[in-house]
Amino acid sequence: MKLTKTAPAAVAEGDIRASDADRDRVAEILREALAEGRLDPEEHAERIDTVYRAKTMGELEPVLRDLPAARGSRPQPDPGGAAYGPGAPVPDQNLVAIFSASVRKGRWRAPARINAFALFGAIEIDLTEAVFAQQQVQINATSIFGSVEIRVPENITLRSNGSGVLGSFEVESNDAEDADAPQVLVNGYAVLGSVEARPKRGAWIRDLRDRLRDGRRELRHQLREEHRERHEQLRQEVWEGHLRLRAERRERRDRFRK
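Presented here is a report on the structure given in the accompanying data block. Nothing here was measured: the structure is a model prediction, and the numbers come from that model.

1. Looking at the overall build of the protein chain
Then step 1. Along the backbone of the protein chain there are 4 helices and 12 strands.
Then step 2. Counting the 258 residues in the protein chain, one finds 33% classified as buried.
Then step 3. Pairs at least 24 apart in sequence give 65% of the contacts found in the protein chain among residues at least 6 apart.

What follows is the structure in structure tokens.
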């Protein structure tokens, strides 16, 4: 008699284990609801506590049920596919410096295309702390009697396709060891000006991701501590109120006996 192997039952969507990213995404929606006045501080604290205690996606769904963010769809598990900053497409960005300077740096979402035009001006594009919403970023740099300076993390791929006309077009090519790492392609030309792109030594995307992860962990700890302190304060107020009521009843009883 031949035994047939039974396929394992599919896991219901609500029973899928929630990740830290899922809980952080729901917590962000709750923070926006608090800022908009849809939730009062006590409701926000209660729901945040529920979020960070949740083990499954089904446990996250009720905290958003009465909020506008939940009308489109229920919380979806983080697919974990994009390693360097998933998100919706970012519009192209134009940087123009005419007898002036333009700088883009710090924490920002890099679009798929950046157009930089410098005429008797200077442009600085710093991607070392940027979130790459897609794998490839194309920078079209034009410098006429000006300069365009580009800095990228050390562990991404950097390529170029440009030229200098009585000017300097210098791109320090770099190959990332990770095949899925972002790629930055610098196109354009420099006329009596300069375009320069190179990795910034010591700046790594992985380091940035670790810092963000640590920041989320610290935020969760802070929220839990705030909730614990609020709970302790409410319990103390209830206990003090109970003691006052007992004292008032005792005082009324003593007056009645007299």
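Having seen the structure, we can now continue with the description.
2. What to know about unusual backbone geometry
Then step 1. Non-glycine residue F120 carries a positive phi angle of around 55°.
Then step 2. As for its placement among the helices and strands, F120 is situated in the loop between β4 (113-119) and β5 (122-126).
Then step 3. When its relative accessible area of 42% is taken as the criterion, F120 is described as partly exposed.
Then step 4. Its identity as a non-glycine residue notwithstanding, L192 has a phi of 55°, on the positive side.
Then step 5. The residue L192 is located in the loop between β11 (183-191) and β12 (194-199) in this model.

3. Comments concerning the environment of R38
Then step 1. Structurally, R38 is set in the loop between α1 (20-35) and α2 (41-53).
Then step 2. Contact partners of R38, with chain neighbours within four places excluded, come to A33, E43, L67 and P68.

4. Observations concerning the sheet that holds strand β2 (residues 101-104)
Then step 1. Strand order in the open sheet made by the 5 strands is β2-β5-β8-β12-β10, with parallel pairing throughout. Sheet topology places β2 and β10 (168-171) at the edges, where each strand pairs with a single neighbour. This sheet shows a mean twist of 5° between the axes of neighbouring strands, independent of strand direction.
Then step 2. Across 6 bridges, strand β8 (residues 147-152) lies against β12 in parallel orientation. The partner of V152 across the bridge, within β12, is P199.

5. Section: the pattern of salt bridges
Then step 1. Under the criterion given, the structure shown has 7 salt bridges.
Then step 2. Salt-bridge contacts for E124 lead to K105; the nearest nitrogen and oxygen are separated by 4.0 Å. One end of the pair, E124, is in strand β5; the other, K105, is in the loop between β2 and β3 (109-110), with 19 residues separating them in the sequence.
Then step 3. When its relative accessible area of 26% is taken as the criterion, E124 is described as partly exposed.
Then step 4. One salt bridge connects R151 with E149, and the closest N-O pair in it is separated by 2.9 Å.
Then step 5. Salt bridges sharing common partners tie together E149, R151, E196 and R198.

6. Observations concerning the sheet that holds strand β9 (residues 157-165)
Then step 1. With parallel pairing, the 5 strands of this open sheet are ordered in space as β1-β4-β7-β11-β9. Because the sheet does not close on itself, it has two edges, and the strands there are β1 (93-98) and β9. Direction aside, the axes of adjacent strands within the sheet are offset by 10° on average.
Then step 2. Pairing of strand β7 (residues 136-144) with β11, which is carried by 9 bridges, proceeds in the parallel orientation. Pairing of A141 across the sheet is with G188, part of β11.

About the thresholds
- Residues numbered from 1 in each chain as written.
- Predicted model: local features only at pLDDT ≥ 70, side-chain atom pairs only at ≥ 80, totals over all residues.
- Heavy atoms only, no water.
- Helix = DSSP H or I, 4+ residues; strand = E, 2+ residues; numbered from the N terminus.
- Buried < 20%, exposed > 50% of the residue type's maximum accessible area, 1.4 Å probe, protein only.
- Contact = heavy atoms within 4.5 Å.
- Pairing = 2+ DSSP bridges.
- Axes fitted to C-alpha atoms, helices over the stretch in contact; angles between N-to-C directions.
- Salt bridge = Lys/Arg side-chain N within 4 Å of Asp/Glu carboxyl O.

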